[in-house]
Amino acid sequence: MNGGELHGAIEMQYIRRHHRHEPRENQCTSALVKHIRAPVHLVWSLVRRFDQPQKYKPFVSRCIMQGDLGIGSVREVNVKSGLPATTSTERLEQFDDEEHILGIRIVGGDHRLRNYSSIITVHPEVIDGRPGTMVIESFVVDVPDGNTRDETCYFVEALIRCNLSSLADVSERMAVQGRTDPINH
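Residues numbered from 1 in each chain as written. Predicted model: local features only at pLDDT ≥ 70, side-chain atom pairs only at ≥ 80, totals over all residues. Heavy atoms only, no water.

**Things to note about the overall build of the protein**
Looking only at helices and strands, the protein has three helices and seven strands in total. When the elements of the protein are put in sequence order from the N terminus, they spell out α-β-α-β-β-β-β-β-β-α. Taking 185 residues into account, the globule formula puts the C-alpha radius of gyration at 16 Å, and the protein, at 16 Å, falls close to it. By principal-axis analysis of the C-alpha atoms, the protein measures approximately 45 × 40 × 30 Å. Looking at the protein as a whole, 46% of its 185 residues qualify as buried. Per element, the accessible surface of the protein, about 9700 Å² overall, is 49% carbon and sulfur. (Helix = DSSP H or I, 4+ residues; strand = E, 2+ residues; numbered from the N terminus. Rg over C-alpha atoms; globule rule 2.2 N^0.38 Å. Buried < 20%, exposed > 50% of the residue type's maximum accessible area, 1.4 Å probe, protein only. Areas by Shrake-Rupley, 256 points an atom, 1.4 Å probe, with all protein chains shown as cover.)

So this is what it looks like as structure tokens:
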């Protein structure tokens with residue numbers, strides 16, 4: 001793992017257990033951790049919605065599912081302007097409602113993220129004596145021609161940080177408003 005993130009012992013345990021990427025020579029990989037002041041069931045209710053990433057991902061304007069929701073499902077995501085892409089086609093590779101694991105692979109789109117796959121896991125924790133959540137997202141991706149490994153990791157990490165920050169904002173707002181029921185629609 002690179003990317004300049006310092007992880008504690010608990011984070012490293014989860015990363016070793018759930019975030020196994022085997023990068024090739026021309027790829028970069030990293031893992032990012034976000035601590036959220038909201039219960040795990042609220043955070044997972046947002047993350048698990050492969051069919052509705054726009055609920056917390058600020059760069060997604062629309063998502064169209066192809067087929068039923070399950071492993072192997074494909075979604076077509078429209079990206080908001082300002083990023084060097086307009087669409088991304090993504091397949092659900094891993095889904096575990098008990099362990100709170102979601103894995104995706106990008107299989108197409110008009111961007112430079114080739115052979116991209118990510119795993120996001122959601123873990124209960126206590127923050128200041130209250131129920132909280134630790135979210136870990138890891139990825140592996142090809143380094144495009146003309147870019148360095150560091151540039152590629154920096155770009156992808158910036159997108160993930162933005163998504164995780166938005167996930168925290170949405171989840172914490174729901175928790176403060178007393179919304180204890182998971183998002184199911």
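After that view of the structure, there is still more to cover.
**Some words on the nonpolar core**
Membership of the largest hydrophobic core comes to 32 residues, with the highest contact counts inside it found for Val43, Val47, Tyr116, Val135, Phe139 and Leu167. Elements with a contribution of two residues or more to this core: strand E1 (27–36), helix H2 (40–47), strand E5 (101–109), strand E6 (117–127), strand E7 (130–142) and helix H3 (149–176). In terms of residues, this core owes the most to one element, H3, which gives eight residues. In contact with Val47, other than residues within four places in its own chain, are Tyr56, Leu102, Ile120, Val122 and Leu167. (Core = buried A, V, L, I, M, F, W, Y, C linked by side-chain atoms within 4.5 Å. Contact = heavy atoms within 4.5 Å.)

**Some thoughts on the packing of aromatic side chains**
If you walk through the whole model with that rule in mind, you get two aromatic pairs. The interplanar angle of 10° and the centroid separation of 6.1 Å between the aromatic rings of Tyr116 and Phe139 together place this pair among those described as stacked. You can see Tyr116 sitting in the loop between E5 and E6 and its partner Phe139 sitting in strand E7, a full 23 residues away along the chain. For the pair formed by Tyr116 and Phe139, the shared burial category is buried. (Phe/Tyr/Trp six-rings, centres within 6.5 Å; stacked < 30°, edge-to-face > 60°.)

**Regarding the packing of H2 against H3**
Taken N-terminus to C-terminus, the directions of H2 and H3 make an angle of 130°; their axes are 10 Å apart at the nearest point. Comparing the axis directions of H2 and H3 gives the class oblique. For the pair H2 and H3, the crossing hand works out as right-handed. Of the residues in H3, those touching H2 at Leu42, Val43, Ser45, Leu46 and Val47 are Leu167, Val170, Ser171, Met174 and Ala175. Residues that form the contact of H2 with H3 fall into these classes: eight nonpolar, two polar and no charged. (Axes fitted to C-alpha atoms, helices over the stretch in contact; angles between N-to-C directions. Parallel < 35°, antiparallel > 145°, perpendicular 65-115°, else oblique. Left-handed = near helix turned anticlockwise from the far one by under 90°. Nonpolar A, V, L, I, M, F, W, Y, C, P; charged D, E, K, R; others polar.)

**Remarks on the pairing of E5**
Where strand E4 (residues 87–96) lies against E5, eight bridges are found, and the strand directions are antiparallel. Bridge pairing links Leu92 to Ile104 in E5. Here E4 hands over to E5 after four residues, with His100 in that stretch at a positive phi of 60°. Pairing between E5 and E6: five bridges, direction antiparallel. The residue of E6 that forms the bridge with Leu102 is Ile120. (Pairing = 2+ DSSP bridges.)

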